[in-house]
Amino acid sequence: MPRDVGGADSQDTLRIGPFTLRNRMIFPAHLTNFSSGGTITEQHIAYYEARARGGAAMIITEEHTVHPSDRPYEKLIRGWDPAVLPGYRRLTSAVHRHGTRILAQLNHNGAQGSSMYTARPLWSPGTDPDPLFREVPMVIGEPEIAELVDGYFDVARRCIDGGFDGVEIQCSQASILRAFLAPGTNPRTDHYGGDLHGRARLLLDVVAAVRAAVGREAVVGVRLSGHDGTHGGIDIDDAVRVARMLETTGHIDYLNTSVGVATETLHLIEAPMATPHGYSLFVPDAIRAAVSLPVVGVGRFTRPDQVRAALSSGVCDLVGAVRAQIADPDFARKTLSGRDDEVRPCIGCNQECIGRVGLGRWIGCTVNPRAGLESEPLPRLRMPGLRVLVVGGGPAGLQAAATAAERGHAVTLFEKETSVGGQIRTAAVAPYRGELLAAVESLEAQCRRRGVDLRTGVAATADEVRAQRPDAVIIATGARPQRPSWAGESPRVVDVRDVLDGRAAPTGRVLVVDDLGFHEATSVAELLADRGCDVTVCTPGMIVGQDLGLTLDMDGWLRRAHEKCIDRITDVTVTGLTVRDEGLDVSLAHHPTGRTRVLTVDGVVVATHQEPVDEMWTALVESGIRVSRVGDAVTPRRAHAAILEGDRAALELGV
Ligand code: SF4
């Protein structure tokens, strides 16, 4: 039955099933890759407990598979294995200590997986392979369906035995239940196919089994896709009708929502920086208007005001914020107490959360150097109050200063530019990359709150550093671009940093050389195309911006490159440059065939490797002062390495 659609405040409590949640912010399911042997680890426990301590009203863990036929990745939690039970108990009691409810998400990935781990065929309603895994699945019949439903029943019961407050049934990103629901993946003609009622039958069977398993003293929710974004996928009208069916069963206590399919349209699920905040709130909005169950809204919430706006506008009853709470485990507590300025915001970079997980590594975070490391105790501090001098105010230096000050040291930071931020501030100039700035603004604010003496516009020499008589120096002087040997002295060949910092403004035909395979070349290509340049990007790789696939930026980049008429040349290396009055002749060698071609342009912008700025390190390393160096000053890498090393170096002071 539809209800009066009214708004709420983040501090409001909410009844779901037998429980009252203490506020409106939850930590929804997402892969962590912390599992070992298919069970819960200490890394899981410390990670989830930190978000419980940080104020989340409810945590929904990553998926627990309900059947041995399902293992799309190495570190899936095997809910069907009784060996999980001791870990369940340790996890749930750790979370409950903080007044947070915890549910387990139950799932079977169906054809969205691989038989590599199980050596058993994939299960699916039809034979269509998933476009990412490209493996033809086995069509399951009544015996397998019965086994599957039993699997949900058994694992739901085990979760309750393990202390969970309930379970969430995934019928969204990567789920056999979603595959049954979607017309494009369910060609069946039996009573598990056909119209929406037939296609929803398996979901409803599972819901009934799970409720029977957990009884009325536990919560049962369903995470429902509201927009798969695929041909033949679930759309919002289907989702609203299924939501009504679920409510009618009387077995469901809340509905969670999502958009996207974890393989074909993953960029819709973990939307990158270029995607507007709240982009998927049309789903809970439509569902909430159709049912009276509490509805969870998700959609790249990174700031407290976005949470409050979603709740007060009435589009959802609960806000699910994953990345906001990875970046800042205390996000909920800070939101509740109005300490918005203290939030360390997620910047939507996807580098260390989804990007790392996609490589089979455990989850981390670019802006939170301790994400994923919550189970490792910090070094014991024996000597607080050291006088610490940090040289360089990029991400590594800022993090080092913020951590050192947090540990009780007296910190001064010298930055030669007029503002801190280093290369992150530079990169944030590019289209769709502005949110990067929040990473350094947040660090700068942490430094100021903790009393760091931030001195900008100070290009300190080694003698001036010595004159400060510090107990310890942290060198975070960054890196400088290396000019490629083929570029010669031509002023019409510049680095991406020259363009972003405004020192160079190429016009006409511009070649952008992508040696790095990340945002450097693609961002500048877009910036120049926006300014009216005729842009071509070339790369030695098989694809321009190769690593954008990992962070789910690839779809957006390809679409915008097409719209902006940016040409791409792949598998080529620049081998030479001839400067003529009418243009630059750039020689490109196609490395698979050895063929060469010449491209004539008006300017070249290179996104290429850097070298450390380490003169200060060299001058001080044998000075007798305790000196460490961090980030690009050691060797140039991405922002996470810089922030992690800044944190570590500061933690090692005074121990
Ligand atoms: Fe957000 Fe980036 Fe951290 Fe992921 S790695 S949580 S996107 S800041």
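Residues numbered from 1 in each chain as written. Predicted model: local features only at pLDDT ≥ 70, side-chain atom pairs only at ≥ 80, totals over all residues. Heavy atoms only, no water.

> Is there a simple way to think about the pairing of strand S14 (residues 387–391) in this case?
Strand residues, when the strand is regular, have side chains that alternate between the two faces of the sheet. For S14, a buried count of four out of five residues is recorded, marking the element as mostly surrounded by other parts of the structure. Here S14 pairs with strand S15 (residues 410–415) via five bridges, running parallel. Bridge pairing in S15 places valine 388 opposite valine 411. The handedness of the S14 to S15 crossover, carried by helix H14 (residues 395–406), is right-handed. Where S14 lies against strand S17 (residues 472–475), four bridges are found, and the strand directions are parallel. Directly across from leucine 389, in S17, lies its bridge partner valine 473. (Buried < 20%, exposed > 50% of the residue type's maximum accessible area, 1.4 Å probe, protein only. Helix = DSSP H or I, 4+ residues; strand = E, 2+ residues; numbered from the N terminus. Pairing = 2+ DSSP bridges. Right-handed = clockwise from strand over helix to strand, strands pointing away.)

> How do you make sense of the pattern of salt bridges when you look at a structure like this?
Oppositely charged side chains can form a pair if their charged atoms are brought close together. Taken as a whole, this structure holds 37 salt bridges when the rule is applied. For the salt bridge of arginine 503 with aspartate 501, the shortest nitrogen-to-oxygen distance reads 3.3 Å. What makes aspartate 501 partly exposed here is its relative accessible area of 38%. We note a salt bridge from arginine 638 to aspartate 547, for which the minimum N-O separation is 2.8 Å. Taken together, the residues span a long stretch of sequence, with arginine 638 in the loop between strand S28 (626–629) and helix H22 (639–651) and aspartate 547 in the loop between strand S21 (534–538) and helix H20 (554–563) at a distance of 91 residues. One network of salt bridges, with partners in common, ties together Arg370, Glu406, Arg450 and Asp647. (Salt bridge = Lys/Arg side-chain N within 4 Å of Asp/Glu carboxyl O.)

> Help me understand the sheet that holds S15 in this model?
Hydrogen bonds along the backbone pair up the strands of a sheet, which may run parallel or antiparallel. The strand order across the open sheet formed by five strands is S16-S15-S14-S17-S28, and the pairing between neighbours is parallel. What marks the edges here is a single partner per strand, and that holds for strand S16 (453–456) and S28. Across the sheet, the mean angle from the axis of one strand to that of its neighbour is 15 degrees, orientation sign disregarded. Relative to S16, S15 is paired through four bridges, and the arrangement is parallel. Each bridged residue has a counterpart across the sheet, and for phenylalanine 414 the counterpart in S16 is arginine 455. Strands S14, S15, S16 and S17 of the sheet are contacted by H14, whose axis makes an angle of about 165 degrees with S15. (Axes fitted to C-alpha atoms, helices over the stretch in contact; angles between N-to-C directions. Contact = heavy atoms within 4.5 Å.)

> In this structure, what is going on with the packing of aromatic side chains? I would like to understand it.
The way to describe two aromatic rings as a pair is by their centre distance and the angle between their planes. The final tally for this structure, using the stated rule, is six aromatic pairs. Taking the centre distance of 6.3 Å and the plane angle of 70 degrees together, the rings of phenylalanine 27 and tyrosine 48 count as edge-to-face. With phenylalanine 27 in strand S3 (residues 25–27) and tyrosine 48 in helix H1 (residues 42–53), the pair connects residues that are 21 residues apart, well separated along the chain. Note on accessibility: phenylalanine 27 and tyrosine 48 belong to one class, buried. Here the aromatic rings of phenylalanine 34 and tyrosine 47 are separated by 5.0 Å at their centres, their planes lie at 75 degrees, and the arrangement is edge-to-face. Highlighted residues: phenylalanine 34 in the loop between S3 and H1 and tyrosine 47 in helix H1, separated in sequence by 13 residues. By the burial criterion, phenylalanine 34 is buried, and tyrosine 47 matches it. Through successive ring pairs, a cluster of aromatic residues spans Phe27, Phe34, Tyr47 and Tyr48. Positioned above the aromatic ring of tryptophan 362, the side-chain terminus of arginine 356 is 4.4 Å from the ring centre. The ring of phenylalanine 518 has arginine 638 sitting right over it, with the charged end atom 3.9 Å from the ring centre. (Phe/Tyr/Trp six-rings, centres within 6.5 Å; stacked < 30°, edge-to-face > 60°. Lys NZ or Arg CZ within 6 Å of the ring centre and 35° of its normal.)

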